[in-house]
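Listed below are the residues making up each chain.
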Amino acid sequence: MLKSLSNAVGVSGYEDEVAELIKSEMEKYADEVEIDKMGNVIGLKRGKGKGKIMLAAHMDEIGFVVSHIDKNGFIFISPVGGINVKTLISRRVIVHGNERYYGIMGSVPPHIKEKEEKELSIEDIFVDIGAKDREEVLKKGIKVGSIITYDGDLKKLSGRRYTSKTMDDRIGVFVLMETLKKAKSSYDIYFVATVQEEVGLRGAKTSGYKISPDIGIAVDVTLANDIPEVKEHKRITELGKGPAITIMDRSVIGNKRLNSFIEKIAQEENIPLQRNILSRGGTDAGTIHLTKEGVISTTLSIPTRFVHSTVECVDMNDVENAVKLLVKVLEKLDSFAVYQEKKTYSTYGRSRKQSYE
Ligand SMILES: [Zn+2]
């Protein structure tokens, strides 16, 4: 399942292929599944009507659109989502026209130093599909706006570690699928594979509005910078040490009561859990928590090396522990108070109870 999920195509705004795959898989386990107007896949597993919880993982991936084709058949590109230009040189990509065509991201060989070495920009990158001229490219149904994805199929590395072009965030979708199979809760659980997260958390905004949940948990990747040269205090998370709960990123401050609730369960169940603080980037929780009058939200992340490259890498132990933890959280949700009951106090001689969150 992870292989077909991560190999499927789904650049932001063009998620149809991966959406169909997710929908057909969700239909096996959910009570209801729909694809909404924006393209989000929403699977509902009914509880006992205690409340609504939304679990969101984005199914879109970063990629490119064709911005120009020159007369010699070279294709110029515009990025969709946060692309690190340094990771592009010598990449194999797939250009989507009438069929799928392999392309390579070229650069000027070091033997020809025409330009002094300067900061590489996306405008310098071109894709060569092997065509002789522009006509040959156009005949293949490739035009301005055609999408381009990385060629980076899922591969197994040593131990239980895997790499692919789209761990961000198909690994999150995978966690949702596995959780859906086992989940039992008094809450109605909405499993949402969102669109257009990479361009600004857009699918979560509309699906969050539609569902209007009491609680929201985004499942996404976070940085595992446990690699050479990176100092200990900049590692954020480490592979194999459990999923990570978000204390804070650029989009959300993880709800402190929900975080403690999750951490308590992790402790009781002996599930390793890390704490995630990111000064850059955000997740779907960033829009979910601002839905209507507000939603208690946080993010559960899978530590990932080399995020936003073609070789994103995760440890399956973290993935399994994320599923285990989510299943337990859903099961015990009854004991989580959405509205916090404040102690009785006296105002103007009258005693009153106030509940707020
Ligand atoms: Zn992501």
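Note that the structure is predicted; figures quoted are calculated from it, not measured.

Colleague: How would you explain helix α4 (residues 167–182) if you had to name every residue and give the values?
Modeller: Helix length check: α4 (16 residues) gives 22 Å between terminal C-alpha atoms against 22 Å at 1.5 Å per residue, within 8%. Most of α4 sits out of view: 14 of its 16 residues are buried.

Colleague: If you had to explain the layout of surface pockets to someone new, which residues and values would you point to?
Modeller: Here the idea is plain: a probe the size of a water molecule rolls over the atoms and shows the empty space left. Approximately 1,000 Å³ is the volume attributed to the largest pocket. Considering the residues around the largest pocket, the lining is formed by 35 residues, among which Leu223, Arg280, Gly281, Val307 and His308 are closest to the centre. In terms of residue count, strand β13 (residues 215–223) provides more of the lining of the largest pocket than any other element does, four residues in total.

Colleague: Please provide a residue-by-residue account of the sheet that holds strand β9 (residues 147–150), values included.
Modeller: Spatial ordering of the closed barrel is given by β4-β5-β8-β7-β6-β9, a layout of six strands whose pairing is antiparallel. Averaged over all pairs of adjacent strands, the angle between strand axes in this sheet comes to 45°, irrespective of strand direction. When strand β5 (residues 74–80) meets strand β8 (residues 126–128), the two strands line up antiparallel, connected through three bridges. Each residue of the ladder has a partner; that of Ile75, found in β8, is Val127.

Colleague: Which residues make up the sheet that holds strand β3 (residues 52–58), and what are the values?
Modeller: Spatial ordering of the open sheet is given by β1-β2-β12-β3-β13-β16-β14-β15, a layout of eight strands whose pairing is mixed. Where the open sheet ends on each side, the last strands, each with one partner, are β1 (32–35) and β15 (274–277). Strand-to-strand twist in this sheet, taken as the mean axis angle between neighbours without regard to direction, amounts to 25°. Note: β1 against strand β2 (residues 41–45), four bridges, orientation antiparallel. For Glu34, the partnering residue across the bridge sits in β2 and is Ile42. Here helix α6 (residues 256–268) sits on the sheet in contact with β13, β14 (244–248), β15 and β16 (296–304), set at roughly 50° to β16. Along the sheet, helix α8 (residues 316–331) contacts β3, β12 (188–194), β13 and β16; its crossing angle with β16, the most-contacted strand, is approximately 160°.

Colleague: Describe the packing of aromatic side chains, naming the residues involved and giving the relevant values.
Modeller: Each pair of aromatic rings is reported with the distance of its centres and the angle of its planes. Taken as a whole, this structure holds four aromatic pairs when the rule is applied. A centroid spacing of 5.1 Å and a plane angle of 55° characterise the contact between Phe261 and Phe336, whose relative ring orientation is tilted. Taken together, the residues Phe261 in helix α6 and Phe336 in the loop between α8 and β18 (340–341) connect sequence positions 75 residues apart. You can call Phe261 buried: its relative accessible area is 13%. Grouping aromatic residues by their ring pairs yields a cluster made of Phe74, Phe76 and Phe126. Directly above the aromatic system of Tyr209 lies the positively charged group of Lys292, at a separation of 4.6 Å from the ring centroid.

Colleague: Tell me about the environment of Leu239, residues and numbers included.
Modeller: With respect to the helices and strands, the residue Leu239 is situated in the loop between β13 and β14. Overall, the relative accessible area of 6% leaves Leu239 in the buried class. In the structure, Leu239 is positioned 13 residues away from Asp226 in sequence and 7.3 Å away in space, judged by C-alpha atoms. Those residues in contact with Leu239 that sit more than four places away from it in its chain are Arg161, Ala224, Asp226, Pro303, Thr304, Arg305, Cys313, Val314, Asp315 and Asp318.

Colleague: Explain the domain arrangement of the chain residue by residue, including any values.
Modeller: Taken domain by domain, the chain holds domain 1 (2–61 + 166–340) and domain 2 (63–150). One C-alpha centre belongs to domain 1, the other to domain 2; they are set 32 Å apart. With 11 residues of domain 1 in contact, the opposing surface of domain 2 contributes 14 residues. The contact between domain 1 and domain 2 buries some 1,000 Å² in all, and 63% of this surface belongs to carbon and sulfur atoms.

Colleague: Summarise the pairing of strand β17 (residues 312–315); cite the residues concerned and give the values.
Modeller: Along a regular strand, successive side chains alternate from one face of the sheet to the other. Side-chain alternation along β17 places Glu312 and Val314 on one buried face and Cys313 and Asp315 on a second face that is also buried. As defined by bridge partners, strand β11 (residues 161–164) adjoins β17 across four bridges and the pair is classed as antiparallel. Counterpart to Arg161 in the pairing with β17 is Asp315.

Colleague: Which residues make up α6, and what values do they have?
Modeller: With 13 residues, α6 ought to run about 18 Å at 1.5 Å a step, and its terminal C-alpha atoms sit 18 Å apart, in line with that. When α6 is considered as a whole, its buried residues turn out to be Arg257, Leu258, Asn259, Phe261, Ile262, Ile265 and Ala266. The residue sitting at the N-terminus of α6 and contributing the capping side-chain oxygen is Asn255; that oxygen lies 3.1 Å from the backbone nitrogen of Arg257. Just downstream of α6 lies Asn270, where phi reads positive at about 60°.

Calculation notes
- Residues numbered from 1 in each chain as written.
- Predicted model: local features only at pLDDT ≥ 70, side-chain atom pairs only at ≥ 80, totals over all residues.
- Heavy atoms only, no water.
- Helix = DSSP H or I, 4+ residues; strand = E, 2+ residues; numbered from the N terminus.
- Expected span 1.5 Å × (residues − 1).
- Buried < 20%, exposed > 50% of the residue type's maximum accessible area, 1.4 Å probe, protein only.
- 1 Å grid on protein atoms, 1.4 Å probe; cavity = no way out; pocket = protein on both sides within 12 Å on 5 of 7 lines; lining within 4 Å.
- Points joined across faces, edges and corners; volume = space filled by probe spheres on them.
- Pairing = 2+ DSSP bridges.
- Axes fitted to C-alpha atoms, helices over the stretch in contact; angles between N-to-C directions.
- Contact = heavy atoms within 4.5 Å.
- Phe/Tyr/Trp six-rings, centres within 6.5 Å; stacked < 30°, edge-to-face > 60°.
- Lys NZ or Arg CZ within 6 Å of the ring centre and 35° of its normal.
- Domains from an automatic or database assignment.
- Buried area = accessible area lost by both parts, 1.4 Å probe.
- Polar contact = N/O pair within 3.5 Å; in protein donor to acceptor, adjacent residues only side chain to side chain.

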